[in-house]
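The residues making up each chain are set out below.
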Amino acid sequence: MITRATDDAIRLLTTLANSGGKRMKVTDLAAITSVPKNYVFKVMVPLVRRGWVQSSRGFGGGFSLSPGAEKITLLEVLELLEGPLHLNRCTGTGGCEFLPICPVRNAWVEGEAELRKVLARYDIARLAVGCRERELFTPKSKFVPESTDSGEVRACPAEPAH
């Protein structure tokens, strides 16, 4: 499962991409993305270190997307925050005692390759356009997150039924 940090980072990057190049305050980012204010700082640290996001302190400070960062893919964000994408240990570096004879490994390897392709196809610019069309994760966002019966807040509305 993708961690909350990765999900939050994607929402934050998409919001910054929709800011028109303007610096955004942490309080605004938190309100738009439903990411708690203190967690915005935590999630932004690796994004700033990688050079995808610029930060400035003090009065008028905040975060902005670095030039060219709209081309960052979902795969790149995921691997920055979670490490290399592997569906299980036999596709990673952990090794598996059944590797020489396992008939299932090919399915895992193929599934991982397809997932990588899909995640690499979606970049922040593409996601930002989709969000603008739905007025989601933009400075003018009208979306208010829903609470579920369990009290969990849904960050994204469900897709309309076709």
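For the structure, check the block above.
For the structure given in this document, a descriptive report is provided here. (Residues numbered from 1 in each chain as written. Predicted model: local features only at pLDDT ≥ 70, side-chain atom pairs only at ≥ 80, totals over all residues. Heavy atoms only, no water.)

What about a nonpolar patch on the surface?
Stage number 1. On the surface, L87, V104, W108 and L115 cluster together to form a nonpolar patch covering roughly 320 Å² of accessible area.
Stage number 2. Residue position: L87 is located in the loop between α4 (74-82) and α5 (105-121). (Patch = residues over 30% accessible without salt bridge, like charges linked within 9 Å, V, L, I, M, F, W, Y side chains within 5 Å. Areas by Shrake-Rupley, 256 points an atom, 1.4 Å probe, with all protein chains shown as cover. Salt bridge = Lys/Arg side-chain N within 4 Å of Asp/Glu carboxyl O. Helix = DSSP H or I, 4+ residues; strand = E, 2+ residues; numbered from the N terminus.)

A few points about unusual backbone geometry
Stage number 1. Despite not being glycine, S34 shows a phi value in the positive range, around 65 degrees.
Stage number 2. Assignment of secondary structure puts S34 in the loop between α2 (26-33) and α3 (37-50).
Stage number 3. What makes S34 partly exposed here is its relative accessible area of 25%.
Stage number 4. Here E135, not a glycine, exhibits a phi torsion of approximately 55 degrees, which is positive.
Stage number 5. Inspection of the secondary structure puts E135 in the loop between α6 (124-134) and β3 (146-147). (Buried < 20%, exposed > 50% of the residue type's maximum accessible area, 1.4 Å probe, protein only.)

A few points about the packing of aromatic side chains
Stage number 1. Scanning all chains against the criterion turns up 1 aromatic pair.
Stage number 2. The ring of Y122 carries the charged tip of R126 above its face, separated from the ring centre by 4.0 Å. (Phe/Tyr/Trp six-rings, centres within 6.5 Å; stacked < 30°, edge-to-face > 60°. Lys NZ or Arg CZ within 6 Å of the ring centre and 35° of its normal.)

Focus on the packing of α4 against α5
Stage number 1. In contact at an axis separation of 6 Å, α4 and α5 are set at 110 degrees when each is read in the N-to-C sense. The angle between the axes of α4 and α5 places the two elements in the roughly perpendicular class. In this structure, α4 contributes L74, L75, L78 and E79 to the contact, and α5 contributes R116, L119 and A120.
Stage number 2. Looking at the contact of α4 with α5 residue by residue, the class counts come to 5 nonpolar, no polar and 2 charged. (Axes fitted to C-alpha atoms, helices over the stretch in contact; angles between N-to-C directions. Parallel < 35°, antiparallel > 145°, perpendicular 65-115°, else oblique. Contact = heavy atoms within 4.5 Å. Nonpolar A, V, L, I, M, F, W, Y, C, P; charged D, E, K, R; others polar.)

Let's talk about the environment of S56
Stage number 1. Its place among the elements puts S56 in strand β1 (residues 53-56).
Stage number 2. Residue S56 is classed as partly exposed on the basis of its relative accessible area, which comes to 26%.
Stage number 3. Separated by 31 residues in the primary sequence, S56 and K25 place their C-alpha atoms 9.8 Å from one another.
Stage number 4. Other than its neighbours up to four places away in sequence, S56 contacts R23, G61 and G62.
Stage number 5. There is a polar contact of 2.9 Å between the side chain of S56 and the side chain of R23. (Polar contact = N/O pair within 3.5 Å; in protein donor to acceptor, adjacent residues only side chain to side chain.)

Structural notes on the nonpolar core
Stage number 1. Among the nonpolar cores identified, the biggest contains 28 residues, and L16, L29, V40, M44, L47, V53 and F63 are the most heavily contacted of them.
Stage number 2. Elements represented by at least two residues in this core include exactly α1 (4-17), α2, α3, β2 (62-65) and α4.
Stage number 3. Excluding residues that lie within four positions of it along the chain, V53 makes contacts with L13, L16, M44, L47, V48, F63, S64 and S66. (Core = buried A, V, L, I, M, F, W, Y, C linked by side-chain atoms within 4.5 Å.)

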